[in-house]
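Secondary and tertiary structure notes
Now for the letters of each chain:
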Amino acid sequence: AALITKRPASGGNELGRRPSSAVGTFLRILMINDVYVLDNYPKVATAVNKARAAAKELDCAVISTLNGDFLSPCLISALDGGAAMVEGINRAQIDYVCLGNHELDLPYSALGKRLEAFKGVCINSNLHNDGVNHFPRFLPIKVGERTALLGGFLTEDLSIYPPAIAPQFTPVAEACTSIWEEAKASLGYMPDVYLP
């Protein structure tokens, strides 16, 4: 809430001014993670709307990300399999999500099916289990004349997962490198920045 309650500074809005070191179009990322209740999504939607409304004036590209733990361990997801939380992230205007360890509280097939209702993109760079391995491994984002490469990596620390789910990972460090090389080959050029 603090982000949207300050008075606008000259040359900016409640979300801030254009960075003085920015050259050309810059990337503004509104990022959240570990969301277990729906209560704050209206504030997130307000922040996203304000950032997008100021984007042209500030010469910036705006994206919103939710970096894991957005379907579970929310109590309501135990009742509806994550339907309300997906509706919440849609209404909050989240553009990109990546899986967190608690998304694996849902069976892989149910998780993949539930995320079909998400209006944005789920990026899955290193989890290979059926049901979730169809999500894109990376995504290029145009920022003016530059390109930012987004990845979505899930920790390979098996101690935080129930043994029964048997996640099949590429370790994060190895996956970061392979995704970078895969993206360069696919795009035919090297992105300007990598946001794993």
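Scroll up for the structure.
Okay, so let's go over this structure. No experiment lies behind these values; they were computed from the predicted model shown. (Residues numbered from 1 in each chain as written. Predicted model: local features only at pLDDT ≥ 70, side-chain atom pairs only at ≥ 80, totals over all residues. Heavy atoms only, no water.)

1. Here's the deal with the overall build of the chain
- When its secondary structure is counted, the chain shows six helices and nine strands.
- Here the chain has a C-alpha radius of gyration of 18 Å; the compact-globule value for 196 residues is 16 Å, and the two agree.
- Within the chain, the proportion of its 196 residues that are buried is 44%.
- Counted over contacts in the chain with a minimum sequence separation of 6, partners at least 24 positions apart contribute 67%.
- Carbon together with sulfur atoms contributes 56% to the accessible area of the chain, which is approximately 10,200 Å² in total. (Helix = DSSP H or I, 4+ residues; strand = E, 2+ residues; numbered from the N terminus. Rg over C-alpha atoms; globule rule 2.2 N^0.38 Å. Buried < 20%, exposed > 50% of the residue type's maximum accessible area, 1.4 Å probe, protein only. Contact = heavy atoms within 4.5 Å. Areas by Shrake-Rupley, 256 points an atom, 1.4 Å probe, with all protein chains shown as cover.)

2. Let's talk about the sheet that holds strand β5 (residues 96–98)
- The strand order across the open sheet built from four strands is β3-β4-β5-β6, with neighbouring strands paired in parallel fashion. The open sheet is flanked by β3 (26–32) and β6 (121–123), the only strands paired with a single partner. Going across the sheet, the axis of each strand differs from the next one's by a mean of 30°, ignoring polarity.
- Relative to β6, β5 runs parallel, the two sharing three bridges. Each bridged residue has a counterpart across the sheet, and for Val97 the counterpart in β6 is Cys122. (Pairing = 2+ DSSP bridges. Axes fitted to C-alpha atoms, helices over the stretch in contact; angles between N-to-C directions.)

3. Some points on the packing of aromatic side chains
- Applying the stated criterion across every chain yields a total of two aromatic pairs.
- Judged by centre distance (5.5 Å) and plane angle (40°), the rings of Tyr161 and Phe169 are tilted. Across the pair, exposure class does not vary: Tyr161 and Phe169 are buried alike. (Phe/Tyr/Trp six-rings, centres within 6.5 Å; stacked < 30°, edge-to-face > 60°.)

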